[in-house]
Amino acid sequence: MKKAKRHIYAIALGSNQPRSRILTPRKLVEQAIDRLSRKPFHALAASRILDTPPLGQSRRRYANATMLIETELAPDRLLKRLKRMEHKAGRRRSMRWAARPLDLDIVLWSGGFWADDGLIIPHPAFRERDFVLAPLTQIAPGWRDPFSGRTISQLRACLKKARKKAEAG
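Residues numbered from 1 in each chain as written. Predicted model: local features only at pLDDT ≥ 70, side-chain atom pairs only at ≥ 80, totals over all residues. Heavy atoms only, no water.

*Asks:* Can you help me understand the overall build of the protein in this one?
*Replies:* Looking only at helices and strands, one finds four helices and seven strands in the protein. For the protein, the α and β elements follow one another from N to C terminus as β-α-β-β-β-α-β-β-β-α-α. A compact globule built from 169 residues would reach a C-alpha radius of gyration of about 15 Å, and the protein, at 16 Å, matches this within 12%. Its C-alpha atoms put the protein at 60 × 40 × 30 Å along the principal axes. Out of the 169 residues belonging to the protein, those deemed buried represent 43%. Restricting the contact set of the protein to residue pairs at least 6 apart, pairs at least 24 apart contribute 64%. (Helix = DSSP H or I, 4+ residues; strand = E, 2+ residues; numbered from the N terminus. Rg over C-alpha atoms; globule rule 2.2 N^0.38 Å. Buried < 20%, exposed > 50% of the residue type's maximum accessible area, 1.4 Å probe, protein only. Contact = heavy atoms within 4.5 Å.)

Here's what the structure looks like:
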C-alpha cells in the first residue's frame, strides 16, 4: 500500500471581529488553532497570539498567530478546508480589508511554489507583513522563502530595517 505524501504548511491566523462577548478575536484564533490540531491535520507548532494593529480601513486591532501543520491535503484541498473553517466562524466575503471573525492564509508550503486560481504559495504579501513574520519567527525562524532564499528571521530583520529607514525618512 502506497503511503500518501505529507505536506507541511505555515498558516497565518487572524481575527478582529468578535462573534459575541465570549467569542472574542483571541478566542476565535484559539479555536482555529485547536481545530488545526486535529485530523486531518497534525500541529507541529503554534506561535503565541499577538495583538496587532489593523491594515487598511479596519479600525479594530487583530489577534494574530501562525501555525505549522502537517497534512496529506494538497494546497488546493487545504485552501477549501480553511475557507470552510472561516465560513463556519462567521466570515462572509465583502469588502477587502474589512473586519473579519477569522482569516486563515497559507503562507508557506514544504513543496515550495504553488499557483492556480485563487491560491499562490508563498503568500504574495507575507514578506511585508510583520503580523505574519513576527509570530512565524517564533516557530519557524529558519524556514527559507523559496523566492529570495532568506530565512523568516532574515525577512523580518529586513522589514524592520526598511521601516526604520522609512520612519527616519
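On we go.
*Asks:* What exactly am I supposed to notice about a positive patch on the surface here?
*Replies:* A cluster of basic side chains, namely Arg 77, Lys 80, Arg 84 and Lys 88, defines a positive patch on the protein surface. Taking the relative accessible area as the measure of exposure, Lys 80 reaches 57% and is therefore exposed. (Patch = residues over 30% accessible without salt bridge, like charges linked within 9 Å, V, L, I, M, F, W, Y side chains within 5 Å. Areas by Shrake-Rupley, 256 points an atom, 1.4 Å probe, with all protein chains shown as cover. Salt bridge = Lys/Arg side-chain N within 4 Å of Asp/Glu carboxyl O. Lys, Arg positive; Asp, Glu negative; His and termini not counted. Charge placed at Lys NZ, Arg CZ, Asp CG, Glu CD.)

*Asks:* Help me understand the pattern of salt bridges, please; the structure alone is not making it clear to me.
*Replies:* One side chain can pair with another of opposite charge once the charged atoms of both are near each other. Counted according to the given criterion, the structure contains six salt bridges. Taking the shortest distance from any N to any O, the salt bridge between Arg 6 and Glu 72 comes out at 3.5 Å. Here the residue Arg 6 occupies a position in the segment before strand E1 (7-15), and Glu 72 occupies one in the loop between strand E4 (62-71) and helix H2 (75-88), the gap between them amounting to 66 residues. Residue Arg 156 pairs with Asp 130 through a salt bridge whose shortest N-O separation is 2.6 Å.

*Asks:* Is there a simple way to think about the packing of aromatic side chains in this case?
*Replies:* Two measures describe an aromatic ring pair: the distance that separates the ring centres and the angle between the ring planes. Tallying each qualifying case throughout the model produces two aromatic pairs. For the pair Trp 109 and Trp 114, a centre-to-centre distance of 5.6 Å together with 85 degrees between the ring planes defines the contact as edge-to-face. For Trp 114, a relative accessible area of 23% puts it in the partly exposed group. Relative to Phe 147, the ring of Phe 113 has its centre 4.8 Å away and its plane inclined at 45 degrees; by these criteria the two rings are tilted. With Phe 113 in the loop between strand E5 (103-109) and strand E6 (114-116) and Phe 147 in the loop between helix H3 (130-139) and helix H4 (152-168), this pair connects stretches of sequence that are 34 residues apart. (Phe/Tyr/Trp six-rings, centres within 6.5 Å; stacked < 30°, edge-to-face > 60°.)

*Asks:* Would you mind going over the pairing of E5 with me for this structure?
*Replies:* A large share of E5 lies buried, amounting to seven of its seven residues. Of the strand pairs in this sheet, E1 and E5 are connected by six bridges, and their pairing is antiparallel. By the bridge assignment, Gly 14 is partnered in E5 with Asp 103. (Pairing = 2+ DSSP bridges.)

*Asks:* Would you take a moment to explain the layout of surface pockets for this structure?
*Replies:* Roughly 250 Å³ of volume is contained in the second largest pocket. Taken together, the residues of the lining of the second largest pocket break down into six nonpolar, one polar and four charged. (1 Å grid on protein atoms, 1.4 Å probe; cavity = no way out; pocket = protein on both sides within 12 Å on 5 of 7 lines; lining within 4 Å. Points joined across faces, edges and corners; volume = space filled by probe spheres on them. Nonpolar A, V, L, I, M, F, W, Y, C, P; charged D, E, K, R; others polar.)

*Asks:* Which parts of the structure should I look at to understand the environment of Pro 141?
*Replies:* By secondary structure assignment, the location of Pro 141 is in the loop between H3 and H4. Exposure remark for Pro 141: the relative accessible area of 35% places this residue in the partly exposed category. Along the chain, Pro 141 and Ser 153 lie 12 residues apart, while their C-alpha atoms are 5.0 Å from each other. Setting aside chain neighbours within four positions, we find Pro 141 in contact with Leu 136, Thr 151, Ile 152 and Ser 153.

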